[in-house]
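Residue strings, one per chain:
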Amino acid sequence: MIIAERKPLEEIAAMAAPYEKVCVVGCDTCVAVCMAGGRKEAEETAALLRIHREKNNIGGVVESFSIERQCEYEMIEEHMEKMKGYDLVISVACGVGVQTVVDYEPSLKVVPGLNTTSFGYPVEQGVWKENCLGCGNCVLHLTMGICPITRCAKSILNGPCGGSADGKCEISKDVECAWQLIHDRLASFGRVGDLAEIQPPKDWSVSHHGGPRTSVREDVRIDRGE
Amino acid sequence: MIAGSKLERAINSGEFVVTGELGPPKGADIEEMKHHAEGMRNHVEAYNITDNQTAIVRTSSIACGATLVQMGLEPIIQIVVRDRNRICIQSDVLGAHALGVKNTLCLAGDHQKFGNEPQSKGVYDIDSMQLIKGLKDMRDEKKFMGGDEVEGDISYFLGAVENPFADPFEYRVDRLEKKIEAGASFIQTQCIFDLDRFERWMELVRERGLHKRCAILGGVTPMKSLGAARYMKNNVSGITIPDALVDRLKGAEKKKEEGLKIAIETIERLKEIEGVAGVHIMAIAWEEVVPEIVERAGLYPRPKF
Ligand code: SF4
């Protein structure tokens, strides 16, 4: 799922300061699971913003509600009239949600209330770990299900580098060396020999480096007969 | 003979080789670096020129390497994959060749978070293994990484680094072999302080005959002070210094002399290890001491290569 964190309140307050009628709009999918921008967090953000504005003598109203998925037109649609009633929408969805709302209704003023950080999963309550970068050409079959593109600080395909020590990455003692993990997992399956093969340079053209990507599936497109 | 560089000739001669290291300055005035280069002129075969070492912005390694060429000295330019993509790296290698640089050393480079631009975007388009292989193919197959043809002749002596002190230990020899397969003709190791571990690594290297397929130069760094030793031990990625060594320095009255002694003893031991082709002395911020180390380690005068 997509992981995000709320922006500092001061930053959100500064974005909202010039506007009278403000609404914090949550998204009940990924960002609700990572407790950053679901209904509850949208309400919380609105409440904090109200207190902040009161303290700073900024009038107006700050309200909130949430949409089941901000990244789908069908789900945004039913809330559109409501959103149009505000001078500013603070979307606490991920960056995808923010932009889907903007695309759907260009007349709306929409700002982000979250910093979208990564694709990952909750390892334990309150801890989310990034493990995919969406590079467009999955290598997990070569690396025993551990992504070196995401989890190695240098995205090395022929690791580990010379900075790997005691299972940790050179960038921090809190970060596991992905290549130590890959090595150990290969070893447990008797496949360390796999590492002898020199993996060629990666084709980054299918990743974001090739420009923004659009996936098209002709077989499932709806022929609107235009 | 591949590139006919002095370093290559020295290695092929079978003599115990000595290389030094120069760190370009954080400014465009390279006089001091040139002075250090002059100081070691008769004591080392070639000089590594670091490439924005520890991710700190410095004068480019190729510019400094070309300056050494003008001085009649032999540079080994370092290329890290952190700051440049394959377009820029290949272009720079062509440029370095055009300027008379004959040795290239391939590294991953320390992560940008360690340097003075921690907010920069790390490139890591290719990794160090792909860099070695790519530069080998550029030289031997006349092909760029993307498959296009390289015009005209180009030749350089290719080296890489290996860290016997990194983990997982057993894999470090496999990785050396992989670098040799990729195209490295010489290897400089990370600074050796833990000689026992180094010897164990060399044993595994010899078991596979890897020392016969590439020249292994042991990395040696003299410790200038207790502070410097502690700093390296705790903050420099990839370096391990046994506590006993730190204690020895701590107990010594004259720290600098003790640091020198340790470095010299290390070289003496390296000379005895079968398969070690030479030493690479990294006395960064203490360059003036290199001639003394080389002399006291019994490696002077240097043979003519
Ligand atoms: S220490 Fe491991 S995870 Fe960190 S950069 Fe090196 S190979 Fe990648």
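Sequence order as written defines the numbering, with residues in each chain counted from 1. The naming scheme follows written order: chains are lettered A onward, ligands numbered 1 onward. With the structure being a predicted model, the display of local features is reserved for residues of pLDDT at least 70 and the display and counting of side-chain atom pairs for 80 or more, all residues being used for whole-chain, interface and lining totals. Note: side-chain values were computed over all heavy atoms of the structure, leaving out hydrogens and water.

**A look at the layout of surface pockets**
Rules: Whether a set of points on the 1 Å grid over the protein atoms alone is a cavity depends on a 1.4 Å probe fitting there but being unable to get out, while an open set qualifies as a pocket with protein on both sides within 12 Å along at least five of seven lines; lining residues are those with an atom within 4 Å of a point. Grid points are joined across faces, edges and corners, and a volume is the space filled by probe spheres set on the points. For helices the rule is a DSSP run of H or I covering at least 4 residues; for strands it is a run of E covering at least 2, with both sets numbered from the N terminus onward. The nonpolar class holds Ala, Val, Leu, Ile, Met, Phe, Trp, Tyr, Cys and Pro. Asp, Glu, Lys and Arg form the charged class, and all remaining residues, Gly among them, are polar.
Taken as a whole, the second largest pocket encloses approximately 940 Å³ of empty space. Around the second largest pocket, the lining comprises 35 residues; the ones closest to its centre are Leu133, Ile149, Thr150, Cys152 and Ser155 of chain A. Those elements that provide at least two residues to the lining of the second largest pocket are β7 (127–132), α7 (148–151), β9 (172–176) and α8 (178–188) of chain A together with α4 (86–98) of chain B. Classifying every residue of the lining of the second largest pocket by side-chain character gives 13 nonpolar, twelve polar and ten charged.

**Focus: the pairing of strand β4 (residues 88–91) of chain A**
Residue and element names in this part refer to chain A. Defined as follows: Note on exposure labels: buried denotes an accessible area under 20% of the residue type's maximum, exposed denotes more than 50%, and partly exposed covers the range between, all computed with a 1.4 Å probe on protein chains only. Two strands pair if DSSP finds at least two bridges between them. By convention a crossover is right-handed if, when the strands point away from the viewer, the path from the first strand over the helix to the second runs clockwise.
Burial of β4 is two-sided: the residues Leu88 and Ile90 facing one way and the residues Val89 and Ser91 facing the other way are all buried. Relative to β4, strand β2 (residues 21–27) runs parallel, the two sharing four bridges. Its bridge partner lying in β4, Cys23 is registered against Val89. Inspection of the sheet shows β4 paired to strand β5 (residues 110–112) by three bridges, in the parallel sense. Bridging from a neighbouring strand, Ser91 pairs with Pro112 of β5. A crossover links β4 with its parallel partner β5, the connecting element being helix α6 (residues 95–104), and its sense is right-handed.

**Some thoughts on the sheet that holds β4 of chain A**
Residues and elements named next belong to chain A. Which entries qualify depends on this criterion: Lines fitted to C-alpha atoms define the axes, with helix axes restricted to the stretch in contact, and inter-axis angles between N-to-C directions lie between 0 and 180 degrees. Contact criterion: two residues are considered in contact whenever any of their non-hydrogen atoms come within 4.5 Å of each other.
In spatial order, the strands read β3-β2-β4-β5; together these four strands make up an open sheet with parallel pairing. Because the sheet does not close on itself, it has two edges, and the strands there are β3 (61–67) and β5. Here the strands of the sheet are splayed against their neighbours by 25° on average, with no regard to which way each runs. The strands touched by helix α1 (residues 9–16) within the sheet are β2, β4 and β5, with β4 carrying the most contacts at an inclination of about 160°. On the sheet, helix α3 (residues 39–55) packs against β2, β3 and β4 and is oriented at approximately 170° with respect to β3.

**Details of the interface of chain A and chain B**
Operational definition: Values labelled buried area give the accessible surface lost by two parts on being combined, using a 1.4 Å probe and summing over both. We define a salt bridge as a side-chain nitrogen of Lys or Arg found within 4 Å of a carboxyl oxygen belonging to Asp or Glu. Pairs of N or O atoms within 3.5 Å make up the polar contacts considered here, provided that, within protein, one atom can donate a hydrogen while the other can accept it, and that residues adjacent in sequence are counted only when both atoms are side-chain atoms.
Residue-level contacts link 29 residues of chain A with 29 residues of chain B. Across the interface of chain A and chain B, roughly 2200 Å² is buried in total on both sides, 53% from carbon and sulfur atoms. Viewed at the interface, chain B and chain A are joined by zero salt bridges. Across the contact surface, chain A and chain B share 20 residue pairs in polar contact (both at pLDDT 80 or more).

**A short note on empty space enclosed by the protein**
In the structure shown here, the tally under the stated rule is two cavities of 30 Å³ or more. Quantified by volume, the largest cavity comes out at close to 120 Å³. If you go around the largest cavity, you meet 15 residues; those closest to its centre are Cys152, Ala153, Cys161, Cys169 and Cys177 of chain A. Its residues assigned to classes, the lining of the largest cavity comprises nine nonpolar, two polar and four charged. Considered as a void within the structure, the second largest cavity measures approximately 30 Å³ in volume. When residues of the lining of the second largest cavity are assigned to their parent elements, the largest contribution, three residues, is made by helix α10 (residues 255–272) of chain B. Here the lining of the second largest cavity is built from residues that sort into six nonpolar, two polar and no charged.

**Remarks on the packing of aromatic side chains**
For any pair of aromatic rings, the description rests on two quantities: the centre-to-centre distance and the angle between the ring planes. All names here are of chain A. Put simply, the test is: Stacked, edge-to-face and tilted labels apply to pairs of Phe, Tyr and Trp rings (six-membered ring for Trp) whose centres lie within 6.5 Å, assigned for plane angles under 30 degrees, over 60, and everything in between, in that order.
One pass over the structure, following the stated rule, counts three aromatic pairs over all chains. Seen in terms of ring centroids, Tyr73 and Tyr104 are 4.9 Å apart; in terms of plane orientation they differ by 75°. Their pairing is edge-to-face. On the criterion of sequence distance, the pair formed by Tyr73 in helix α4 (residues 73–77) and Tyr104 in helix α6 is long-range, its members being 31 residues apart. A relative accessible area of 39% places Tyr73 in the partly exposed class.

**Focus on the side chain of Asp125 of chain B**
As for its position among the elements, Asp125 of chain B is in the loop between β4 (103–107) and α5 (128–140). Asp125 of chain B gets classed as buried once you look at its relative accessible area, which sits at 12%. Contact partners of Asp125 of chain B, with chain neighbours within four places excluded, come to Trp204 of chain A together with Val81, Asn85 and Arg86 of chain B.

**A closer look at the environment of Ala277 of chain B**
Secondary-structure assignment places Ala277 of chain B in strand β8 (residues 276–281). Excluding anything up to four places from it in sequence, Ala277 of chain B contacts Glu15, Phe16, Val17, Ala215, Ile216 and Leu217 of chain B.

**As for the side chain of Lys178 of chain B**
Locating Lys178 of chain B in the fold gives a position in helix α6 (residues 169–182). For Lys178 of chain B, the residues in contact, after removing those within four places along its chain, are Asn158, Leu195, Ala196, Glu197 and Ile198 of chain A together with Met129 and Tyr171 of chain B.

**Section: a negative patch on the surface**
All names here are of chain A. Using the following cut-off: Like charges are joined within 9 Å and nonpolar side chains (Val, Leu, Ile, Met, Phe, Trp, Tyr) within 5 Å, but only among residues with over 30% relative accessible area and no salt bridge; these make up the patches. Computed by Shrake-Rupley with a 1.4 Å probe, the accessible areas treat only the displayed protein chains as cover when residues are assessed. Counting rule applied: Lys, Arg positive; Asp, Glu negative; His and chain ends not counted. Each charge is placed at NZ for Lys, CZ for Arg, CG for Asp and CD for Glu.
A cluster of acidic side chains, namely Glu68, Glu74, Glu77 and Glu78, defines a negative patch on the protein surface. Within the secondary structure layout, Glu77 lies in helix α4. In this structure Glu77 comes out as partly exposed when scored by relative accessible area, which is 47%.

**A word on the site of the ligand**
All names here are of chain A. To keep things clear, this is the line we draw: Think of it this way: one heavy atom of a residue within 4 Å of a molecule or strand is enough to make that residue near it. Throughout, a molecule is located in a cavity or pocket provided that more than half of its atoms lie within 2 Å of its grid points.
Around the ligand sit Cys152, Ala153, Lys154, Pro160, Cys161, Gly163, Ser164, Cys169, Glu170, Cys177, Ala178 and Trp179, and that is every residue in its neighbourhood. The cavity where the ligand resides is the largest cavity. Class assignment for the residues of the shell around the ligand results in eight nonpolar, two polar and two charged.

**What to know about the nonpolar core**
This is how it is decided: Throughout this description, the term nonpolar core refers to a set of buried Ala, Val, Leu, Ile, Met, Phe, Trp, Tyr and Cys residues connected via side-chain atoms within 4.5 Å.
In this structure, Leu68, Phe198, Trp201, Ile267, Leu270 and Val279 of chain B are the most contacted members of the largest nonpolar core, which totals 71 residues. Once residues lying within four places of it in the same chain are set aside, the contact partners of Ile267 of chain B are Phe16, Val220, Val279, Ile281, Ile293, Ala297 and Leu299 of chain B. Counting residues in each nonpolar core, the second largest holds 23 residues, with Ala16, Val24, Val62 and Leu88 of chain A among its members.

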